[in-house]
Amino acid sequence: EAIDNVEVANLLITTAKKALKDQGLSSIQGPMNPGTNYECGLLVDRFDDAPQIMMTYNPPYYVNQLEHLGFSKAMDLLAYNVDAHFTMPKIIMDIAARTEKKSKITFRTLNLKKWNEELDIMFDIYNSAWEANWGFVPMTKDEFYHTAKDLKSIVDPELVHFALVDGVVAGFILTLPDLNQVFKQIPSGNLSPMALFKILTAKKRINRVRVITMGIKKEFRKIGLETLLYKHNHIAIKKNPLIKNIEMSWILENNLEMNKPLIRMGGEAYKRYRLYEMDL
């Protein structure tokens, strides 16, 4: 982190570059906290909008600082905004209908009483689904469990859907309520009874959600499962009349298979998070 002063930013980056060179490394890339499985990317537009849960935020001048110091774009990550009450396009409904006819597909929601078993399933799918993505580093089981530990208290089981093909879990989609809308109302470090009361009451006023991840096992791709997961997820979201917006984030800008259906659903790539790189 740096104040709006190029000399300060230069000192920080120069120190980081030297540390990396001393370790024999040849390039620097980021920001990542600490990798693409976590919060990452520098916000480069829409600074007027608060970040959704588990997404980053930074002042606009960070962009100028990094580019002035010689960083260039490595990859952009897109966040899509979709009206929660959109009408699912006919082409997606047709694909979903054909998929359901071809295979014996069933769906279920998250079972919090079997949290560890559900995590095992999601872990298996997660690494399989993302292995070919740019910048992906597989998570260990311990790492995945540690990351998911805090989700149990905030997840809405009705917004987590598993797709099963012939009884085998083939994919899942995970949506979280945007609790940032709650947290931003609480003064930093204040856990007084009044603050906790505000948290409880504010949760009832959350009006947007974030689709944080969707994954399908390699052997079940290309059969249209993603369209069915979108469909079931959308039906569940619409049951809550308070929800006005859905953010789907983040998606690699070059991942056409993910970007195309979101655009078809009326999604707007309304935020862009950039990963920068520099040769050492």
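Just so we're clear, the structure is a prediction, and the values are computed from it rather than from any experiment.

Chemist: I tried to follow the packing of helix α3 (residues 90-102) against helix α8 (residues 225-238) on my own but got confused; where do I start?
Modeler: The geometry of a pair of packed helices is captured by two quantities: the angle between their axes and the separation between those axes. Where α3 meets α8, the axes come as close as 8 Å, and the angle between the chain directions of the two elements is 115°. When the interaxial angle is binned, α3 and α8 end up roughly perpendicular. Crossing of α3 over α8 shows left-handed handedness. In this structure, α3 contributes Ile92, Met93, Ile95, Ala96, Thr99 and Glu100 to the contact, and α8 contributes Leu225, Thr227, Leu228, Lys231 and His232.

Chemist: Teacher, can you tell me more about the packing of helix α4 (residues 115-130) against helix α5 (residues 141-148) here?
Modeler: Interhelical geometry of α4 versus α5 gives an angle of 120° and a closest axis separation of 10 Å. The angle between α4 and α5 falls in the class oblique. Seen along the crossing, α4 lies across α5 with a hand that is right-handed. Contacts between α4 and α5 involve Trp115, Asn116, Leu119, Asp120, Met122, Phe123 and Tyr126 on the former and, on the latter, Lys141, Phe144, Tyr145 and Ala148. Split by residue class, the contact of α4 with α5 holds eight nonpolar, one polar and two charged.

Chemist: In this structure, what is going on with the environment of Gly215? I would like to understand it.
Modeler: Tracing the backbone shows Gly215 in strand β7 (residues 208-216). Residue class for Gly215 comes out buried when judged on its relative accessible area of 2%. Once the C-alpha coordinates of Gly215 and Leu225 are considered, the two residues, ten residues apart in sequence, prove to be 9.8 Å apart. Residues in contact with Gly215, not counting those within four places in the same chain, are Ile125, Ala129, Ala170, Gly171 and Phe172.

Chemist: Can you help me understand a nonpolar patch on the surface in this one?
Modeler: Residues Ile3, Val8 and Leu12 make up a contiguous nonpolar surface patch of roughly 250 Å² in combined accessible area. For Ile3, the position within the fold is in the segment before α1 (6-22).

Chemist: Just to check I follow, could you spell out the packing of aromatic side chains for this structure?
Modeler: The geometry of two aromatic rings is summed up by the distance between their centres and the angle between their planes. The tally for this structure, following the rule as stated, stands at eight aromatic pairs. Geometrically, the ring pair formed by Trp130 and Trp250 is edge-to-face, given 5.9 Å between the ring centres and 85° between the ring planes. Of this pair, Trp130 sits in helix α4 while Trp250 sits in strand β8 (residues 245-252), and the two are 120 residues apart along the sequence. Side by side, Trp130 and Trp250 carry an identical accessibility label, which is buried. Members of the aromatic cluster, connected to one another through ring pairs, are Phe123, Tyr126, Trp130, Phe136, Phe144 and Trp250. Against the face of Phe162 rests Arg108, its NZ or CZ located 4.4 Å from the ring centre.

About the thresholds
Per chain, residue numbering runs from 1 following the sequence as it is written. Restriction of local features to residues with pLDDT of at least 70 applies here, the model being predicted, together with a cutoff of 80 or more for giving and counting side-chain atom pairs; totals for whole chains, interfaces and linings are based on all residues. In computing side-chain properties, one takes all heavy atoms of the structure into account and sets aside hydrogens as well as water. For helices, the axis comes from a line fit to the C-alpha atoms of the stretch in contact; other axes are also lines fit to C-alpha atoms, and the angle between any two N-to-C directions lies between 0 and 180 degrees. In this description a helix means any DSSP run of H or I spanning at least four residues, a strand means any run of E spanning at least two, and both kinds are numbered starting from the N terminus. Oblique is the label for any angle not under 35 degrees, not over 145, and not in the 65 to 115 range, which are roughly parallel, roughly antiparallel and roughly perpendicular in turn. Each crossing is labelled by how the near helix is turned from the far one, with a counterclockwise turn of less than a right angle marking it left-handed and a clockwise turn marking it right-handed. Note on contacts: a residue pair is in contact if any heavy atoms of the two residues lie within 4.5 Å. Residues were grouped as follows: Ala, Val, Leu, Ile, Met, Phe, Trp, Tyr, Cys and Pro as nonpolar; Asp, Glu, Lys and Arg as charged; and all remaining residues, including Gly, as polar. Burial status follows relative accessibility: with a 1.4 Å probe on protein chains alone, a residue under 20% of its type maximum counts as buried, one over 50% as exposed, and anything between as partly exposed. By definition, no residue in a patch forms a salt bridge, and every one has over 30% relative accessible area; like charges are joined within 9 Å, nonpolar side chains (Val, Leu, Ile, Met, Phe, Trp, Tyr) within 5 Å. For the accessible areas, the method is Shrake-Rupley and the probe is 1.4 Å, while residue cover comes only from the protein chains on display. A carboxyl oxygen of Asp or Glu within 4 Å of a side-chain nitrogen of Lys or Arg is what we treat as a salt bridge. Two aromatic rings from Phe, Tyr or Trp, using only the six-membered ring of Trp, form a pair when their centres are within 6.5 Å; if the ring planes differ by under 30 degrees the pair is stacked, by over 60 it is edge-to-face, and anything between is tilted. Lysine and arginine charges are scored as sitting over a ring when NZ or CZ, respectively, is within 6 Å of the ring centre and within 35 degrees of the ring normal.

Such coordinate-based values are descriptive only and should not be taken to indicate function.
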